[in-house]
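Letter by letter, the chains look like this.
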Amino acid sequence: MKLLIVEDQLKTGQYLRQGLSEAGFNADLVADGITGQQLALSDEYALLILDVMLPGRDGWQILQAVRGAGLDTPVLFLTARDAVQDRVHGLELGADDYLVKPFAFSELLARVRSLLRRGSSTPQETSLQLADLRLDLIRRRVERSGRRIDLTAKEFALLEMLLRRQGEVLPKSLIASQVWDMNFDSDTNVIEVAIRRLRLKVDDEFPNKLIHTVRGMGYVLEERSL
Amino acid sequence: MSRWSLSNRLALLFAACTAVVSLFAGVLFSRGSEAHFVELDRQLLETQLIGVRRAVQDNHGHDPQVRLDDELSRQADLTLRIKDSNSAQWHGSPIPAPPELPERPGLYTLRDADNDYRVLNAPLYPDRTDSPQLTLLLNITHHQHFLQRMQRLIWLTVGLSALATALLGAWAARRGLRPLRRMGAIASSVSARSLNARLPEAHMPIELAELARSINDMLGRLDDAFQRLSAFSADIAHELRTPLSNLLTHTQVTLTRERSLEDYREALHGNLEELQWMAQLVNDMLYLAKADHGLLALHREPLQLAEEVDILLDFFAPLAEDVNIRLGRDGESLIEGDRNMLRRALSNLLDNALRFTPVDGEVRVRIVDGAQGVSVSVENSGVGIPADLLPRLFDRFYRADPARQEGSSEHAGLGLAITRSIIRAHGGQIRCESADGWTRFVIELPKNN
């Protein structure tokens, strides 16, 4: 899966490439708009990450060229400016998502994965599973090692999200947005508490812990060797 | 013209007015005196005409020639011509007569190169058709000289009075406009350093008082904005100082000697926490800055407040259950507002309420639907907040809990300021009251806006 990063801030670009590479993506980095546009139009990439302010051609122009060439490669914009006009402009031109600096890398990674997943059609699942944890989407029941676990509606939604994106570190802001539809930065520790309560029901009685905290980044559901 | 000073313009207008008025008066006067002279001359000539007719007609043994001469000798500038069908005869003092004389009866005014004349034509015998014609010729040159002198005088008066009013007007205008210059002087003393100068409204003329008030209001707003901006920059610097110095110290200390992998990981985690706190702070500050500049773009949509509050209570439920706090909502209302912004505002209030509610306490949201607007209050049981601290709660970086040190928690102290900005962007107000073991944040939102 190849990604293209067009970012003129050297450090930002390198950190992004390193992070994305380590997350399993093959990322190319260019620092100017003209090369960026040439590469973007080559249709080799599954996703474009564009800075708005670029030398040569700005992010908007690259996006226009890409959409003008009939490509529907997902585009994620990065910008230091959080003007609403910018956001509206970008979405009108066909940008798929938007991140304002400063942002957390975990947030970017989660969005990249969402965008990449959007294109591929997933078959309608009836249940989700990891190790001995099983979530029945139709009967809305959760079992672990055959034992029934009672969850509230939100706990169920939270676990469903973790299971659907198992192995991915999910930042708190993404969880708040997806599970509770709270689309703003909040410094509340509701998510921590919610995860703790979910753990109490899902993990506590079992030696094989599935829900993990990644310090400073978020939470991940995965099976780790004991 | 647009570059002329106000005083000059006023002076010029004054002068023009005076010139027009005095010119009008002068023209009237000169017309009047001319008509008056014509009337005088007519009377004189008609009197003479009667004398001449009598002298010619009443031949009681006297020589009409003698009597005519006698009659005409009393008026030195008068000449008579008697003309019948074939001859003309002149009587009286020999004055130079104009070459062409009108033939028809009536009063005429004539002039030749040097002199002006009034001429009266009349038949000698008014009741006979073949009567010889009398022509009385009066030299009125001295009258005309008088009129000309007078006209010159009038022009002089017009000119002088216009000049005088221009000068006086300029002086008066300068004097009258003195408050304006004073305003200018005060305005020019205003700079970013001294925005507290104000124009003395009470001492201004009525016309300028309004302007002075507007300017003072503007200065007030500028001052306020500037103060906020300065405080804002100072606040940012102050708030960032602690985490920055933590980062510097921590990183340098970590790097001073070789450490275990675990120590490095720990150090990076510590840094990450500081950095996240700073990022959150910067984002919040930017949000507030946008709000301050009226740049929060509201996407208004109809919102069922009860529904929104229930979603928020559901969000906070884990937190509340953790410390056994009861959450409740009553009332409902339909309003127009920005869903995400209002959720953020209410979430800050609920978060705040939960923070200060003791174990086994209660947090309630009360929606009261009024005719004018909707009030939403978020209230929590607990110790309450001293009255003198209430107005400061919405200040940036204000923390009611003194134990909460700056930079020591994930909470930057901007939540309530952001809430207030959002409510204001919706045209509403927020206040806090605290009494009888309850602290209550009351939002008043206007309806149909």
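Note that the structure is a prediction, hence the values are computed from the model and not measured.

**Thoughts on the overall build of chain A**
Consideration 1: Scanning chain A for helices and strands turns up 8 helices and 11 strands.
Consideration 2: Among the 226 residues that make up chain A, the fraction classed as buried is 34%.

**A look at the overall build of chain B**
Consideration 1: If you tally the helices and strands in chain B, you get 9 helices and 12 strands.
Consideration 2: Looking at chain B as a whole, 22% of its 449 residues qualify as buried.
Consideration 3: A separation threshold of at least 6 residues defines the contact pool for chain B, and within that pool the share at least 24 residues apart is 62%.

**Here we look at the confidence of the model for chain B**
Consideration 1: With 92% of its residues at a pLDDT of 70 or more, chain B shows a mean pLDDT of 83.
Consideration 2: The complex prediction reports pTM at 0.65, with the ipTM value standing at 0.81.

**Let's talk about the interface of chain A and chain B**
Consideration 1: Contacts between chain A and chain B engage 20 residues on the former and 25 residues on the latter.
Consideration 2: When residues in the side of chain A that touches chain B are grouped by element, the largest group, 4 residues, is from helix H8 (residues 190-202) of chain A.
Consideration 3: A per-class count over the side of chain A that touches chain B returns 9 nonpolar, 4 polar and 7 charged.

**Describing the pairing of strand E1 (residues 2-6) of chain A**
Residue and element names in this part refer to chain A.
Consideration 1: Counting buried residues along E1, 4 of its 5 residues qualify, which places the element largely inside the surrounding structure.
Consideration 2: The pairing of E1 with strand E2 (residues 26-30) spans 5 bridges and is parallel. The partner of Val6 across the bridge, within E2, is Val30.
Consideration 3: Since E1 and E2 lie parallel, the crossover through helix H1 (residues 10-22) that links them has a hand, and here it is right-handed.
Consideration 4: Of the strand pairs in this sheet, E1 and strand E3 (residues 47-51) are connected by 4 bridges, and their pairing is parallel. Bridging from a neighbouring strand, Leu3 pairs with Leu47 of E3.

**Here's the deal with the sheet that holds E1 of chain A**
All names here are of chain A.
Consideration 1: As summarised here, the arrangement of the 5 strands in space is E2-E1-E3-E4-E5, forming an open sheet in which the pairing is parallel. Edge positions in the open sheet fall to E2 and strand E5 (97-100), since each of these has one partner strand only. The average angle at which neighbouring strand axes cross in this sheet is 20°, direction not considered.
Consideration 2: Pairing of E3 with strand E4 (residues 75-79), which is carried by 4 bridges, proceeds in the parallel orientation. Across the sheet, residue Asp51 finds its bridge partner in E4, namely Leu78.
Consideration 3: Set on the sheet, H1 makes contact with E1, E2 and E3; between it and E2 the angle comes to about 170°.
Consideration 4: Contacts between helix H3 (residues 59-68) and the sheet are confined to E1, E3 and E4, with E3 contributing the most and set at about 150° to the helix.

**Examining unusual backbone geometry**
Most peptide bonds are trans, and most residues other than glycine sit at a negative phi.
Consideration 1: For the bond from Lys101 of chain A to Pro102 of chain A, the omega torsion is -5°, close enough to zero to count as cis.
Consideration 2: A positive phi is found at Arg140 of chain A, a non-glycine position, where the angle reads about 50°.
Consideration 3: Within the fold, Arg140 of chain A resides in the loop between strand E7 (133-136) and strand E8 (141-144).
Consideration 4: Even without being a glycine, Asp436 of chain B presents a positive backbone phi close to 50°.
Consideration 5: Mapping Asp436 of chain B onto the fold places it in the loop between strand E11 (429-435) and strand E12 (438-446).

**Topic: the sheet that holds E11 of chain B**
All names here are of chain B.
Consideration 1: An order of E7-E9-E10-E12-E11 is seen for the 5 strands of this open sheet, with the pairing classed as mixed. Sheet topology places strand E7 (326-330) and E11 at the edges, where each strand pairs with a single neighbour. Averaged over all adjacent pairs, the angle separating strand axes in this sheet is 15°, with direction ignored.
Consideration 2: Contacts between helix H7 (residues 305-322) and the sheet are confined to E7, strand E9 (362-369) and strand E10 (373-381), with E7 contributing the most and set at about 175° to the helix.

**Topic: the packing of H7 of chain B against helix H8 (residues 339-356) of chain B**
Residue and element names in this part refer to chain B.
Consideration 1: The N-to-C vectors of H7 and H8 enclose an angle of 35°; their axes lie 10 Å apart at closest approach. Classified by chirality, the crossing of H8 by H7 is right-handed. Residues Glu308, Val309, Leu312, Phe316, Leu319 and Ala320 of H7 lie in contact with H8, whose contacting residues are Leu342, Arg343, Leu346, Ser347, Leu350 and Leu354.
Consideration 2: Of the residues that constitute the contact of H7 with H8, the class distribution is 9 nonpolar, 1 polar and 2 charged.

**Here we look at the nonpolar core**
Consideration 1: Ranked by size, the top nonpolar core spans 91 residues in total, and within it Ile49 and Leu50 of chain A together with Phe316 and Leu350 of chain B carry the most contacts.
Consideration 2: No other element matches the 8 residues that H8 of chain B contributes to this core.
Consideration 3: Residue contributions to this core reach at least three from each of two domains, namely domain 1 (2-119) and domain 2 (127-221) of chain A.
Consideration 4: Within the second largest apolar cluster, 14 residues are counted, among which are Leu72, Leu80, Val119 and Leu136 of chain B.

**Concerning the packing of helix H6 (residues 261-292) of chain B against helix H9 (residues 415-425) of chain B**
All names here are of chain B.
Consideration 1: Orientation of H6 relative to H9, taken along the N-to-C sense of each, is 30°, at an axis distance of 10 Å. Here H6 is positioned roughly parallel relative to H9, judged by the angle of their axes. As for the relative orientation of H6 and H9, their crossing is left-handed in sense. Facing Asp284, Tyr287, Leu288 and Ala291 of H6, the residues of H9 in contact are Ala417, Ile418, Ser421 and Ala425.
Consideration 2: Class assignment of the residues belonging to the contact of H6 with H9 gives a composition of 6 nonpolar, 1 polar and 1 charged.

**With respect to the environment of Asp150 of chain A**
Consideration 1: Assignment of secondary structure puts Asp150 of chain A in the loop between strand E9 (147-149) and helix H6 (153-164).
Consideration 2: The spacing of Asp150 of chain A and Lys201 of chain A is 51 residues in sequence and 7.8 Å in space, taken between C-alpha atoms.

Thresholds applied
- Residues numbered from 1 in each chain as written.
- Chains lettered and ligands numbered in written order.
- Predicted model: local features only at pLDDT ≥ 70, side-chain atom pairs only at ≥ 80, totals over all residues.
- Helix = DSSP H or I, 4+ residues; strand = E, 2+ residues; numbered from the N terminus.
- Buried ≥ 20, exposed ≤ 12 C-beta atoms within 10 Å, placed from the backbone.
- Contact = placed C-beta atoms within 7 Å.
- pLDDT = per-residue confidence, 0-100.
- Nonpolar A, V, L, I, M, F, W, Y, C, P; charged D, E, K, R; others polar.
- Pairing = 2+ DSSP bridges.
- Right-handed = clockwise from strand over helix to strand, strands pointing away.
- Axes fitted to C-alpha atoms, helices over the stretch in contact; angles between N-to-C directions.
- Left-handed = near helix turned anticlockwise from the far one by under 90°.
- Core = buried A, V, L, I, M, F, W, Y, C linked by C-beta atoms within 7 Å.
- Domains from an automatic or database assignment.
- Parallel < 35°, antiparallel > 145°, perpendicular 65-115°, else oblique.

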